[in-house]
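Spelled out, the chains give:
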Amino acid sequence: MKGIFITFEGPEGSGKSTHALRLIRHLKAKGYDPLLVREPGTTRLGEMIRKILLKSASVKIGPFGEMMLFEAARCQLTDEIIRPALKSGKVVISDRYYDATTAYQGGGSGVKISFINKLNLEATRGLKPDLTLLLDIDTNTGLRRAKGVKGFDRMEEKSRSYHRRVRRAYLDLAKREPKRIKVIKVRGTINETQGLVRRAVEEFIK
Ligand code: TYD
């Protein structure tokens, strides 16, 4: 693999999507040819799964089925888009990847972590992000922002304690893999946070 694989993670309302887009713009200006993807989504299958997972409030989905749907979307995205792009030397930026399953379905819903690790490994066939930017925000502030932006989706509707566990699980992951996962505290303006994002990426590329 010749490319670079960067992922954005974080609890609800942390602003990952905004920062991923701005980072793409910045990298283009620097002469790179970056590709932005999102999870679940981007492929046709992934976008269909995304609708089921996020927009179908009245459909019952248990924790196990929910996890399998996220994994199915991930597998398709990895094979169809991410691997070929990395092979051709692109910088691939993904708005969420397998850490989200560990944090949400593991930390949030309580699915066994050893099982999630196995599924993540199969779905990605061992592909790991080179760098993960974890945008960390306090749960209440994040949920307030998420609600303000476009109302709650099916995942955001889950309880406050669920979202607290998600945040904790993300921070635990960062402690376990400090080399790959850089925690960026979302405190200041968008520009200030974007500055921290760019610095982390530039340090990595160097
Ligand atoms: P999100 O990335 O927050 O997109 P938007 O900014 O458009 O709301 O939406 C994805 C949702 O899916 C989010 O609630 C986290 C959840 N999710 C999981 O629970 N597990 C996963 O493995 C992934 C990739 C996402």
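As the structure is a computational prediction, the values presented were derived from the model and not from experiment.

Reading the values: the criteria
Residues numbered from 1 in each chain as written. Predicted model: local features only at pLDDT ≥ 70, side-chain atom pairs only at ≥ 80, totals over all residues. Heavy atoms only, no water. Buried < 20%, exposed > 50% of the residue type's maximum accessible area, 1.4 Å probe, protein only. Helix = DSSP H or I, 4+ residues; strand = E, 2+ residues; numbered from the N terminus. Pairing = 2+ DSSP bridges. Axes fitted to C-alpha atoms, helices over the stretch in contact; angles between N-to-C directions. Contact = heavy atoms within 4.5 Å. Near = heavy atom within 4 Å. Polar contact = N/O pair within 3.5 Å; in protein donor to acceptor, adjacent residues only side chain to side chain. Areas by Shrake-Rupley, 256 points an atom, 1.4 Å probe, with all protein chains shown as cover.

Help me out: how do you make sense of the pairing of strand β1 (residues 4–9) in this one?
Remark: a regular strand shows side chains that alternate across the two faces of the sheet. Here β1 lies mainly inside the structure; six of its six residues are buried. Of the two faces of β1, the one lined by I4, I6 and F8 and the one lined by F5, T7 and E9 are each fully buried. The pairing of β1 with strand β3 (residues 91–95) spans five bridges and is parallel. Each residue of the ladder has a partner; that of F5, found in β3, is V92. Relative to strand β4 (residues 131–136), β1 runs parallel, the two being bridged by four bridges. Considered in β4, the bridge of I6 is made with L131.

Please explain the pairing of β3 as it appears in this structure.
Most of β3 sits inside the fold, with five of its five residues counted as buried. Burial of β3 is two-sided: the residues V91, I93 and D95 facing one way and the residues V92 and S94 facing the other way are all buried. Pairing analysis gives five bridges linking strand β2 (residues 34–38) to β3, with the strands arranged parallel. Residue R38 lies in a different strand from β3, and its bridge partner there is D95.

Explain the sheet that holds β4 to me, please; I cannot follow it from the model alone.
Strand pairing in a sheet relies on backbone hydrogen bonds. The paired strands run either parallel or antiparallel. Reading across from one edge, β2-β3-β1-β4-β5 is the order of the five strands in this open sheet, with parallel pairing throughout. Among the strands making up the open sheet, the edge pair consists of β2 and β5 (181–185). Along the sheet, successive strands turn relative to each other by an average axial angle of 20 degrees, direction set aside. Packing of helix α8 (residues 190–205) onto the sheet brings it into contact with β1, β4 and β5, and relative to β4 it is tilted by some 160 degrees.

Please clarify how the site of the ligand should be interpreted in this entry.
Taken together, 17 residues surround the ligand, and among them E12, R74, R96, T101 and Q105 come closest. Between the ligand and the protein, one listed contact pairs an oxygen atom with a side-chain N or O atom of K16 at 3.0 Å. The separation between a nitrogen atom of the ligand and a polar side-chain atom of Q105 is 2.8 Å. Compared with its free state, where it exposes 550 Å², the ligand has 92% of that area covered by protein. Going through the elements one at a time, α1 (16–29), α2 (44–55), α3 (63–87) and α4 (98–108) are the ones with two or more residues in the shell around the ligand. At four residues, the largest contribution of residues to the shell around the ligand is made by α4.

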